[in-house]
Amino acid sequence: MTKDVKIRLELFCGSRPKMGEPFSQGVYTYATNGHILVRVDKDPKYDKNEGPCLMGLPFDHDKFATWQKLPKLPKAKGCELCHGKGTVDECSECGGKGAIKWSNGRHAYEAECKSCNGDGLVGGRGLVCPNCRGMGTCHTYQSSILVKGFQLDMNYLERIKALTNPVLAFEPDDTCCKIIRFKFDGGVGLLMPMRQGGQ
């Protein structure tokens, strides 16, 4: 991995199988959640992690001559789950279940935990927040911005913005996959645009 560039790869991981942590394949290390992916020079500490098959993905960044800066984004809000800390702990009141159960001997009851609002997690210092992926801020779910005819998720653009010197490339004539390419100091990435109008 490029020595002067520190990349928080966990920002790009997800919860799907084989996507929960960065992984190495060949001479590169990757992080993805299935919608966004980054590739950097191999970091041996991720060699044992198994990742998804990446065959057929267009790592053709060299063919693009025109790159542009990221669009200006509206200010993101503090994450409601971690309260802007970027990390969470298991809720101590419900034990991470999101609900409280009790019984009076005749009847059993269950109610949403008020301490964690049913999430099972509260702001803390332990786990990376699954909502903001450790950034402490986020846009509302599925907030998007239209760029060059592509509907792009603003939370993914915020993650790209956290990289050093990120730029985007668009290929509007690419009817096959319509994947946005991006590059940054130390690596490259791919971003899937959002569907427009339920397509």
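Counting from 1, residues in each chain are numbered in the order their sequence is written. Note on the predicted model: pLDDT of at least 70 is required for a residue's local features to be given, and 80 or more for side-chain atom pairs to be given and counted; whole-chain, interface and lining totals, by contrast, use all residues. Remark: hydrogens and water are excluded; side-chain values derive from all non-hydrogen atoms of the structure.

Chemist: How should I be thinking about the overall build of the protein in this particular structure?
Modeler: Runs of H or I in DSSP of at least four residues are treated as helices and runs of E of at least two as strands, each being numbered from the N terminus. A count of helical and extended segments in the protein gives 1 helix and 15 strands. C-alpha extents for the protein along the principal axes are approximately 70 × 40 × 30 Å. Within the protein, the proportion of its 199 residues that are buried is 44%. Across the protein, every contact between residues at least 6 apart in sequence was considered, and the portion connecting residues at least 24 apart equals 58%. Within the structure as shown, the protein displays about 12,000 Å² of accessible surface, and the carbon and sulfur contribution to it stands at 48%. Each residue is placed in one exposure class: buried if its accessible area under a 1.4 Å probe, protein chains only, is under 20% of its type's maximum, exposed if it is over 50%, and partly exposed if it falls in between. What makes two residues a contact is simply this: any of their non-hydrogen atoms within 4.5 Å. In short, Shrake-Rupley with a 1.4 Å probe defines the accessible areas, and a residue's cover is counted only from the protein chains shown.

Chemist: I keep staring at the environment of Cys-113 and nothing clicks. Help me out?
Modeler: Counting through the fold element by element, Cys-113 comes out in the loop between β7 (108-112) and β8 (121-123). Apart from the residues lying within four places of it in its own chain, the contact partners of Cys-113 are Cys-91, Glu-93, Cys-94, Gly-98, Ala-99, Ile-100 and Gly-118.

Chemist: Quick question: what am I supposed to make of the nonpolar core here?
Modeler: As a rule of thumb, nonpolar side chains are buried together in soluble globular proteins. The term nonpolar core refers to a set of buried residues drawn from Ala, Val, Leu, Ile, Met, Phe, Trp, Tyr and Cys, joined through side-chain atoms within 4.5 Å. Leu-152, Leu-157, Ile-160, Leu-168, Phe-182 and Leu-191 are the most contacted members of the largest nonpolar core, which totals 27 residues. With 4 residues, helix α1 (residues 154-161) is the single largest residue contributor to this core. In contact with Leu-191, not counting residues within four places along its chain, are His-35, Ile-36, Leu-152, Tyr-156, Leu-157, Ile-160, Ile-179, Ile-180 and Phe-182. Core analysis: the next-biggest nonpolar cluster, separate from the first, contains 8 residues, Cys-79, Cys-82, Leu-121 and Cys-129 among them.

Chemist: Honestly, the sheet that holds strand β1 (residues 23-25) in this entry has me stumped. Any pointers?
Modeler: Each strand in a sheet pairs with another by means of backbone hydrogen bonds, the pair being arranged parallel or else antiparallel. Any two strands with at least two DSSP-identified bridges between them are counted as paired. If you trace the 6 strands from one edge of the open sheet to the other, you get β1-β2-β3-β15-β14-β13, paired in antiparallel fashion. A strand with exactly one partner marks an edge of an open sheet, and here the two such strands are β1 and β13 (167-169). For this sheet the average axis-to-axis angle between neighbouring strands, irrespective of direction, equals 25°. In terms of strand pairing, β1 meets strand β2 (residues 28-32) through 3 bridges, oriented antiparallel. Within β2, the residue paired with Gln-25 across the bridge is Tyr-28. Contacts from α1 reach β3 (36-41), β13, β14 (180-184) and β15 (187-191), with the element oriented near 175° to β15. A fitted line through C-alpha atoms serves as each axis, taken over the contacting stretch for helices, and the angle formed by two N-to-C directions is quoted from 0 to 180°.

Chemist: What exactly am I supposed to notice about the pattern of salt bridges here?
Modeler: Pairing between side chains becomes possible if they bear opposite charge and their charged atoms approach one another. For salt bridges, the criterion is a side-chain nitrogen of Lys or Arg within 4 Å of an Asp or Glu carboxyl oxygen. Using the criterion set out here, one finds 7 salt bridges in the structure. Between Asp-60 and Arg-181 there is a salt bridge, and its shortest N-O distance comes to 2.9 Å. Here the residue Asp-60 occupies a position in the loop between β3 and β4 (77-78), and Arg-181 occupies one in strand β14, the gap between them amounting to 121 residues. By relative accessible area, which is 24% here, Asp-60 ends up partly exposed. The shortest N-O distance in the salt bridge between Lys-161 and Glu-158 comes to 3.5 Å.

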